[in-house]
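Observations on chain architecture
Next come the chains, spelled out residue by residue.
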Amino acid sequence: MDDFSNFFIGAYATSPTLLNWDSKKEIEYIEAIKKELNPIRGLELPFWGNDIHEYDSKLFLSLLDKHWEYILTCLPGNMKALENNKFFGLASDNEEGRAEAIEYYKKASVIVQKINKYFKSKKVISVAIATSPSLKDKNISSSTNALKKSLLEISKFNWDGAKLVIEHCDSGRVTNPVKGFLDLDEEIEAILEVNKAYNLDIGITINWARSVIECQDKSGALKHIKKMKDNALLKGLMFSGTSDKESPYGRWSDLHLPVAKENHIEYFEPTSLLNKQSMKDCLINSEYNKLDYLGIKVLAMPIESASLKRRIGINKDTMQVLNQSIKEIEL
């Protein structure tokens, strides 16, 4: 069996219950991950805004492998909150929207504590935060000053050993943004100032697709990684794909495309820009063996009717390409 023990999987993206809850399907899916993909380092878990799991926290916790570690990504709940309040976000210049985001992240800190308490160990290694609101709406304003205030406030919560990292999304300062949050330079500025002034260790994680979407160029992720390296802020690297062509996943979409076709893999997306060479370039320039975490997040199409075999297969094959990339670097 392949050894994926250094990788995290954003497995919720390939779950058959992503859009419609079905406990039997969730059980079958998590058990298949354990059987077909282990050993892995762990899972990236989505925080939707309430409990550990959106539907059944008790069941979900019981399904998790006690040997895994976890990254809590707050982006799913952040996007959900934006649907109800377009001013929501840590970087919001609207004080009510910023305060709502602070409360959201306070709840996230409680979730970290709950997960660690369940496993009787500090299992959550990182918490990924976002710099909303979205600047696609011209009436919305965000700033580094607002973000700095927020970072200081949420850093005082009890994260029970987990590190805070900004999950960089495409910038709202560019043309035709998808999520449209703060620019990477703004995030860097805020973190550097707060870290220095208050002796904190907040970092940034790069998702390959989101940086490529922002730059609308395959070199976008590499460009951002090099900038992170210059500022010693890169903590994690997650590989999701995107495409410059129309496909079931859309064009320049943030829908976590699987890796492109490579030798010896069955599950791939032919339009994906993410390939082995792209992975190798990013791994080399990120000094991947010094990062807090490394992983993948892919989406199975069609979302509701994809087979379990396909859901597991696209995770496995994307990790196989990542594994091969590392092996070729280390030769």
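Every value quoted in this text rests on a predicted model; they were computed, and no experiment measured them.

Scoring rules and cut-offs
Residues numbered from 1 in each chain as written. Predicted model: local features only at pLDDT ≥ 70, side-chain atom pairs only at ≥ 80, totals over all residues. Heavy atoms only, no water. Salt bridge = Lys/Arg side-chain N within 4 Å of Asp/Glu carboxyl O. Helix = DSSP H or I, 4+ residues; strand = E, 2+ residues; numbered from the N terminus. Buried < 20%, exposed > 50% of the residue type's maximum accessible area, 1.4 Å probe, protein only. Contact = heavy atoms within 4.5 Å. Polar contact = N/O pair within 3.5 Å; in protein donor to acceptor, adjacent residues only side chain to side chain. Core = buried A, V, L, I, M, F, W, Y, C linked by side-chain atoms within 4.5 Å. Pairing = 2+ DSSP bridges. Axes fitted to C-alpha atoms, helices over the stretch in contact; angles between N-to-C directions. 1 Å grid on protein atoms, 1.4 Å probe; cavity = no way out; pocket = protein on both sides within 12 Å on 5 of 7 lines; lining within 4 Å. Points joined across faces, edges and corners; volume = space filled by probe spheres on them.

Bringing the pattern of salt bridges into the picture now. Side chains that carry opposite charge are capable of pairing whenever their charged atoms lie near each other. Per the counting criterion, the structure on display carries 24 salt bridges. Put simply, R210 and E167 hold a salt bridge, and the shortest N to O gap is 2.5 Å. In this pair, R210 sits in helix α7 (residues 208–215) while E167 sits in strand β5 (residues 163–168), placing the two residues 43 residues apart along the sequence. The exposure class assigned to E167 is buried, which follows from its relative accessible area of 5%. Two residues, K245 and D244, come together in a salt bridge whose shortest N-O distance is 3.4 Å. One salt-bridge network, in which partners are shared between bridges, spans E44, E167, K179, R210, D254 and K297.

On to α7, then. Taking burial as the measure, the eight residues of α7 include seven buried ones, the bulk of the element. All of the buried residues in α7 are W208, A209, R210, S211, V212, I213 and E214. Tucked inside the fold, the buried residues of α7 contact α3 (75–84), β5, β6 (203–207), α8 (220–231), β7 (234–239) and α9 (276–286). Regarding α7, its N-cap is N207, as a side-chain oxygen of that residue lies 3.1 Å from the backbone nitrogen of A209 further along. Of the residues one or two after α7, Q216 is the one with positive phi, at around 45°.

Before going further, it helps to spend a moment on the nonpolar core. By size, the foremost hydrophobic cluster in this structure holds 92 residues, and its most contacted members are V127, I154 and F239. In terms of residue count, helix α4 (residues 95–119) provides more of this core than any other element does, nine residues in total. Leave out the neighbours within four places in its chain, and F239 touches W208, L274, M279, C282, L283, L294, G295, I296, K297 and L322. I71, A128, V165 and M238 belong to the second-largest nonpolar core, a separate cluster that totals seven residues.

What follows is about the sheet that holds strand β2 (residues 40–46). Spatially, the eight strands close up into a barrel ordered β1-β2-β3-β4-β5-β6-β7-β8, and their pairing is parallel. Strand-to-strand twist in this sheet, taken as the mean axis angle between neighbours without regard to direction, amounts to 30°.

Turning to empty space enclosed by the protein, a few remarks are in order. The final tally for this structure, using the stated rule, is two cavities of 30 Å³ or more. Counted as a void, the largest cavity has a volume near 240 Å³. Lining of the largest cavity is provided by 19 residues; of these, Y12, E26, P46, W48 and H53 occupy positions nearest its centre. Where the lining of the largest cavity is concerned, the elements lending two or more residues are α1 (23–36) and β2.

Approximately 490 Å³ is the volume attributed to the largest pocket. Lining the largest pocket are 19 residues, with Y12, W48, D254, L255 and H256 positioned closest to its centre. The element contributing the most residues to the lining of the largest pocket is α3, with five residues.

Glancing now at the side chain of T271. Along the chain, T271 turns up in the loop between β7 and α9. Look at T271 and you get buried, because its relative accessible area is 18%. A distance of 2.8 Å separates a polar atom in the side chain of T271 from a polar atom in the side chain of E269. When neighbours within four sequence positions are excluded, T271 is seen to be in contact with T242, S243, E246, S247 and L257.

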